[in-house]
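These are the residues of each chain, in order.
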Amino acid sequence: MSEEQSYSPGVMRYVEQAKKALAERDRYVQEVVKKWKFDTIAVHGLYTVEESLDHNQGAIIEPMFMSASQAYRDSDEMEAALAYLIPTWCYSRIANPSTYYLEWTLALLETYGSDVEASCCSTSSGMAAIMSAIDPLLVRRTKKLDEKINFVATCQVYGGTFQQFAERKMTDRGIECRWVVHSHDLDEWASRIDKDTRFLYGEMPSNPGQAFFDLDTVTELAHSHGIPMIVDTTVATPALLRPLARGADIVIQSATKSLTSSGFGISGALIARKNIATNFDNPPMQENFAEYVKFLPNRDNGPCLSPIQAILTLNDIRTIRSKMDLLSRNTMKVAEFLEQHPRVEQVDYLGLQSHPLHELAAKYMVLVDSEYDYGEPVNRYGHLMSFRVKGGAQQTRTMFDSLKRIWRATDLGRIKSVATIPAVSTHQQQGEEARCMADVPPNMVRLCVGGEHPDDVIADLDQALNSIA
Ligand SMILES: *Cc1c(COP(=O)(O)O)cnc(C)c1O
């Protein structure tokens, strides 16, 4: 990154060695890993037998380096490393060998089935991934303190995302977030954009409301204005939807959720294509956004992922495809049961024919490599759904408090079924008006169906609904 400077022959020797190693890694990615099926990439990523035997005592699992910093052979190597002339991790706030394997696996899974090249920056949480993705795009281009900056986002987003946009950006920093209320309406998106718009942001399917939009056309709209499309596909995971492979620029994952499903802890990632669309001049940021974020802004801000959480996350991702298949099938059964229950007013699940956005979702939500299991590509819609209890807030609470096996927790994406009432939990802080805009009424229950046998989940829901007087 500081190429104008001249370096000693000793430093350049390390640079030459690094070039060879990087060329070999590129070859391995292109000629071997990119040819694997999705499950094989999820299981192995870039960790090779040679790396294990030569450097890690034959360990089958990727190493967890619980070390704050990296030592160097001599001052030349140190100089090359700190100028980012060679691959290095330096200090675990910047990078770490364990996060390295996680990042490669996610970048490869998010671009599976396409020739798009991407890189990934892991973060301490999904919220940190959102902050890391948007802050570099919201910097002032002029020295004027009152420079107008805005971005356009779907209002049906995760409660934490809503708070970050409304409070941390709008209230604290005076950056305008222009909400799109009906995200399937392309004209509404278009009407929000002007020359000061820095990016478009959407969550699909949304948590909890199952909002969905036509990603291809919204991405086209973003690109026609020369700005990037950012998509949070936490609920879908790359097993069901891969926006980068369809032209979007940056993907957000809260790996805390379905990507892991074990519930061990919090982690996140942003995955970005090389050469993102952007309307301001910052070549390193544009060329390799995730790497730029990782080695510059996040180095300085510090929202890094710990090595232990990186390995736990990586280990859970190995089975993501078959897990999303099972969890989606279970959810479909539960949704069908709830839809015909006399005490249920409405069920929101994209997999149901009755959902107004079912056709649109069917275009996008496909279980990766499902031809192999089912003889043809099959649609899967994930395990997040919501339903509305007949009556009002009180009846909803009675049902909710009567659940015996389904956990009452503000969590989702688990192998264990979990339910919450968004109006009193995840969407409590944003207030009545914002809940109304995002369509989160007090009788809505968010349910994330786990890996239990669906009959047992259904029985628990049935007795809880029948407990309403
Ligand atoms: C949970 C969630 C986030 C935030 O992720 P954390 O890991 O909890 O910080 C972002 N987006 C969506 C869709 C989520 O469900």
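Residues numbered from 1 in each chain as written. Predicted model: local features only at pLDDT ≥ 70, side-chain atom pairs only at ≥ 80, totals over all residues. Heavy atoms only, no water.

Student: Run through helix H20 (residues 454–466), naming residues and quoting values.
Tutor: Note on helix geometry: an α-helix contains 3.6 residues per turn, so any two residues three or four positions apart are oriented the same way. Under the 1.5 Å per step criterion, the end-to-end length of H20 is 18 Å for 13 residues, consistent within 8% with the ideal 18 Å. Pro-454, Val-457, Ile-458, Asp-460, Leu-461, Ala-464 and Leu-465 are the residues of H20 that are buried. Viewed along the axis of H20, the buried residues span an arc of 160°, placing them on a single side of the element. (Helix = DSSP H or I, 4+ residues; strand = E, 2+ residues; numbered from the N terminus. Expected span 1.5 Å × (residues − 1). Buried < 20%, exposed > 50% of the residue type's maximum accessible area, 1.4 Å probe, protein only. Arc of directions from axis to C-beta.)

Student: Describe empty space enclosed by the protein, with residues and values.
Tutor: A full pass over the atoms with the stated rule returns three cavities of 30 Å³ or more. Of the voids in this model, the largest cavity is the one considered here, and its volume is about 70 Å³. Together, 13 residues line the largest cavity, and Arg-93, Ile-94, Ser-122, Lys-294 and Cys-304 are the ones closest to its centre. Secondary structure elements with two or more residues in the lining of the largest cavity: helix H5 (97–110) and strand S1 (118–123). (1 Å grid on protein atoms, 1.4 Å probe; cavity = no way out; pocket = protein on both sides within 12 Å on 5 of 7 lines; lining within 4 Å. Points joined across faces, edges and corners; volume = space filled by probe spheres on them.)

Student: Account for the packing of H5 against helix H14 (residues 307–317), naming residues and giving values.
Tutor: Running from N to C, H5 and H14 point in directions that differ by 35°, and their axes come no closer than 8 Å. Handedness of the H5/H14 crossing: left-handed. Taking contact as the criterion, the partners of Ser-98, Thr-99, Tyr-101, Leu-102, Thr-105, Leu-106 and Leu-109 in H5 are, on H14, Pro-307, Ala-310, Ile-311, Thr-313, Leu-314 and Ile-317. Split by residue class, the contact of H5 with H14 holds nine nonpolar, four polar and no charged. (Axes fitted to C-alpha atoms, helices over the stretch in contact; angles between N-to-C directions. Left-handed = near helix turned anticlockwise from the far one by under 90°. Contact = heavy atoms within 4.5 Å. Nonpolar A, V, L, I, M, F, W, Y, C, P; charged D, E, K, R; others polar.)

Student: Which residues make up unusual backbone geometry, and what values do they have?
Tutor: With an omega of -15°, the peptide bond running from Met-204 to Pro-205 counts as cis. In this structure, Pro-205 sits in the loop between strand S4 (197–203) and helix H9 (215–224). Cis geometry marks the peptide bond from Asn-207 to Pro-208, where omega comes out at 5°. One can find Pro-208 in the loop between S4 and H9. The phi angle at Gln-210 is positive, at roughly 65°, despite the residue not being glycine. Within the secondary structure, Gln-210 sits in the loop between S4 and H9. On the basis of relative accessible area, Gln-210 is assigned to the buried category, the value being 1%.

Student: Just give me the short version of the sheet that holds S4, but keep the residues and values in it.
Tutor: Sheet architecture is open: seven strands sit in the order S1-S7-S6-S5-S4-S2-S3, paired in mixed fashion. At either end of the open sheet lies a strand with only one pairing partner, and these are S1 and strand S3 (176–180). On average, adjacent strands in this sheet sit at an angle of 20° to one another, irrespective of strand direction. Across six bridges, S1 lies against strand S7 (residues 268–273) in antiparallel orientation. Across the sheet, Cys-121 pairs through a bridge with Leu-270, a residue of S7. Sitting on the sheet, helix H7 (residues 159–173) touches strand S2 (150–154), S3 and S4, and the angle it makes with S3 is about 145°. Strands in contact with H9 are S4 and strand S5 (229–232); relative to S5, the strand with the most contacts, it is inclined by about 145°. (Pairing = 2+ DSSP bridges.)

Student: Can you lay out the packing of helix H1 (residues 9–31) against helix H4 (residues 75–82) for me, pointing to particular residues and giving the numbers?
Tutor: Closest axis-to-axis distance for the H1/H4 pair is 8 Å, and the angle between their directions is 60°. On the basis of their axis angle, the class for H1 and H4 is oblique. Considering only the axes of H1 and H4, their crossing is right-handed. In this structure, H1 uses Gly-10, Val-11 and Tyr-14 to contact H4, whose residues at the interface are Asp-76, Glu-77, Glu-79 and Ala-80. Residue composition of the contact of H1 with H4, by class: three nonpolar, one polar and three charged. (Parallel < 35°, antiparallel > 145°, perpendicular 65-115°, else oblique.)

Student: Summarise the state of the cysteines; cite the residues concerned and give the values.
Tutor: Scanning all chains against the criterion turns up zero disulfides. Counting only cysteine sulfurs, Cys-177 is the nearest neighbor of Cys-155, a cysteine outside any disulfide, at a range of 9.3 Å. (Disulfide = S-S within 2.5 Å.)

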